[in-house]
Amino acid sequence: MLAATVRVTGDLDVAEECVQDAYVTALDSWLHRGIPERPGAWLTTTARNRALDLLRRDRTLRTKLPLLVEPTGTDNGGLGYDGMGDDGVGGVLGEGNGVIPDDRLRLVFTCCHPALAREAQVALTLRLLCGLSTGEIAGAFLVTESTMAARVTRAKKKITAARIAYRVPGAAELPDRLDAVLTVVHLLYTTGHTAPAGGTLVRHDLIERAFDLARMLRALMPDEREAAGLLALMLLTDARRGTRTGPDGRLALLAEQDRTGWDRAAIVEGSDLVLVSLRGGRPGRFALQAAIAALHAQAPSYQETDWPQILGLYGELLRVWPSPVVALNRAVALCMVSGPAAALAEVEVLGADPRLAGYRYLPATRADLLRQLGRDAEAVAAYRVALDLCDNETEREFLSARIAELSS
């Protein structure tokens, strides 16, 4: 709805207001007339009509205003374009652009504008178009919710102040925006893969939305290896979605999952895409993550996984993408190759990184390494730190069970 409406308004704030107005109208109309056969289309049409009304009213005001005030000898503030087409309807995101076939993907590319900082591009897009809350986006970026809220607000203000047009980028501009768009889709998927909060481990709606966008990106830009790498990563990771919790709903770690329940078709498709993403030069961060996921998916068992190769791939990934989260994941692979003591030494160093201060998987990983070393009291303390940082009920139950097991 927002994507369709902003094509009319050319203004995200106005489009958001029109969408909200459509919901309010539906609450009254549907109560008396019943839910229409196509409620999504009804809402979108109502929001669009509201946007057209606002634009026409604005144009009328601009036309009549000179009759009400004394002329100042200036034009419309130096603006060479008032955002209106010949019929008074905003034409910034007109209907004629055929490069990007989907409204949602079109607006994702539009919001990932190079005039904004990369994090602002991604955060604004996730907030407006992907259904993520400010708190969920903050968790993905390892910052506080207030910090992320301020970034989103600044990004919207910069768009308004700099009069950045909501223009759909042409085909030649898409490659420069691709990495930001891929980051948006990846964070959308990871938020769905393990929900930051709530009673379920997985948010299926976010996963399916991310897959829709990833497949469209792959079809739109078939020669882009990182687009293939991201889709491969998602397929290989998602192949084990149905085995991540047991029949009782409890969390099942990778070592405990029933691999016969993994989606073999997704693994085959993802593995083929990994080969595509690794050909033709030095691989990017999504291709490397996909290669790691492929080694996990193809291993007959957890113990038979090619851990030395995974460790090497994490080293290359750190070079391409120096993230503390990548370093933490590498420590887990190091544990399987060199033992928990070596891994714990690296995790202790990461504990001083302020970017991981509120990251629940840091104390959880430290706790598990301490448990393997038989340092149960320290492990319990670390599990409790992780529990305090965790809002997902499935993960909280797992951490509480670990605490109870070691305490007894």
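Residues numbered from 1 in each chain as written. Predicted model: local features only at pLDDT ≥ 70, side-chain atom pairs only at ≥ 80, totals over all residues. Heavy atoms only, no water.

Trainee: Explain the overall build of the chain here, please?
Mentor: Within the chain, the regular secondary structure consists of 18 helices and two strands. Considering the chain as a whole, with its 408 residues, one finds that 48% of them fall into the buried category. A separation of at least 24 residues holds for 64% of the contacts in the chain among residues at least 6 apart in sequence. Counting every atom, the chain has about 20,000 Å² of accessible surface; 54% of that belongs to carbon and sulfur. (Helix = DSSP H or I, 4+ residues; strand = E, 2+ residues; numbered from the N terminus. Buried < 20%, exposed > 50% of the residue type's maximum accessible area, 1.4 Å probe, protein only. Contact = heavy atoms within 4.5 Å. Areas by Shrake-Rupley, 256 points an atom, 1.4 Å probe, with all protein chains shown as cover.)

Trainee: Looking at this structure, I do not really get the packing of aromatic side chains. What am I missing?
Mentor: What characterises a pair of aromatic rings is the spacing of the ring centres plus the angle enclosed by the ring planes. Applying the stated criterion to the full structure yields four aromatic pairs. Seen in terms of ring centroids, W30 and W42 are 5.4 Å apart; in terms of plane orientation they differ by 65°. Their pairing is edge-to-face. Here W30 is found in helix α2 (residues 12-33), whereas its partner W42 is found in helix α3 (residues 39-68), with 12 residues between them in sequence. Accessibility expressed as a relative area gives 24% for W42, which makes it partly exposed. (Phe/Tyr/Trp six-rings, centres within 6.5 Å; stacked < 30°, edge-to-face > 60°.)

Trainee: Help me understand the packing of helix α12 (residues 285-298) against helix α13 (residues 307-320), please; the structure alone is not making it clear to me.
Mentor: Helix-helix packing is characterised by the crossing angle of the two axes and by the distance between the axes. Contact geometry of α12 with α13 gives a least axis separation of 9 Å together with a crossing angle of 165°. Relative to α13, α12 is oriented roughly antiparallel. Where α12 crosses over α13, the two elements pack in a sense that is left-handed. Seen from α12, the contacting residues are R285, L288, Q289, A291, I292, L295 and H296; seen from α13, they are W307, Q309, I310, L313, Y314, E316, L317 and V320. Grouping the amino acids of the contact of α12 with α13 by side-chain chemistry returns 10 nonpolar, three polar and two charged. (Axes fitted to C-alpha atoms, helices over the stretch in contact; angles between N-to-C directions. Parallel < 35°, antiparallel > 145°, perpendicular 65-115°, else oblique. Left-handed = near helix turned anticlockwise from the far one by under 90°. Nonpolar A, V, L, I, M, F, W, Y, C, P; charged D, E, K, R; others polar.)

Trainee: How do you make sense of helix α1 (residues 2-9) when you look at a structure like this?
Mentor: An α-helical turn contains 3.6 residues, so any two residues separated by three or four positions project in the same direction. Of all eight residues in α1, eight are buried, a share of seventy percent or more. Residues of α1 that are buried: L2, A3, A4, T5, V6, R7, V8 and T9.

Trainee: Got a minute to help me understand the environment of T44 in this structure?
Mentor: Within the secondary structure, T44 sits in helix α3. T44 gets classed as partly exposed once you look at its relative accessible area, which sits at 22%. For the pair formed by T44 and A3, sequence separation is 41 residues and the distance between their alpha carbons is 9.5 Å. With residues near it in sequence (within four places) discarded, T44 still touches M1 and A4. Looking at T44, its side chain comes within polar contact range of the main-chain oxygen of G40, at 2.9 Å. (Polar contact = N/O pair within 3.5 Å; in protein donor to acceptor, adjacent residues only side chain to side chain.)

Trainee: Sorry, what's going on with a negative patch on the surface here?
Mentor: On the surface, D248, D391, E393 and E397 cluster together into a negatively charged patch. Structurally, the position occupied by D391 is in strand β2 (residues 391-392). (Patch = residues over 30% accessible without salt bridge, like charges linked within 9 Å, V, L, I, M, F, W, Y side chains within 5 Å. Salt bridge = Lys/Arg side-chain N within 4 Å of Asp/Glu carboxyl O. Lys, Arg positive; Asp, Glu negative; His and termini not counted. Charge placed at Lys NZ, Arg CZ, Asp CG, Glu CD.)

Trainee: What is the right way to read the packing of helix α17 (residues 376-389) against helix α18 (residues 393-407) from this model?
Mentor: Across the interface, α17 lies against α18 with an axial gap of 9 Å and an inter-helix angle of 160°. When the axes of α17 and α18 are compared, the pair comes out roughly antiparallel. The interaxial crossing formed by α17 with α18 has left-handed handedness. Across the interface between the two elements, D376, A379, V380, Y383, R384, A386 and L387 from α17 touch R396, L399, S400, R402, I403, L406 and S407 from α18. Residues of the contact of α17 with α18, tallied by class, amount to eight nonpolar, two polar and four charged.

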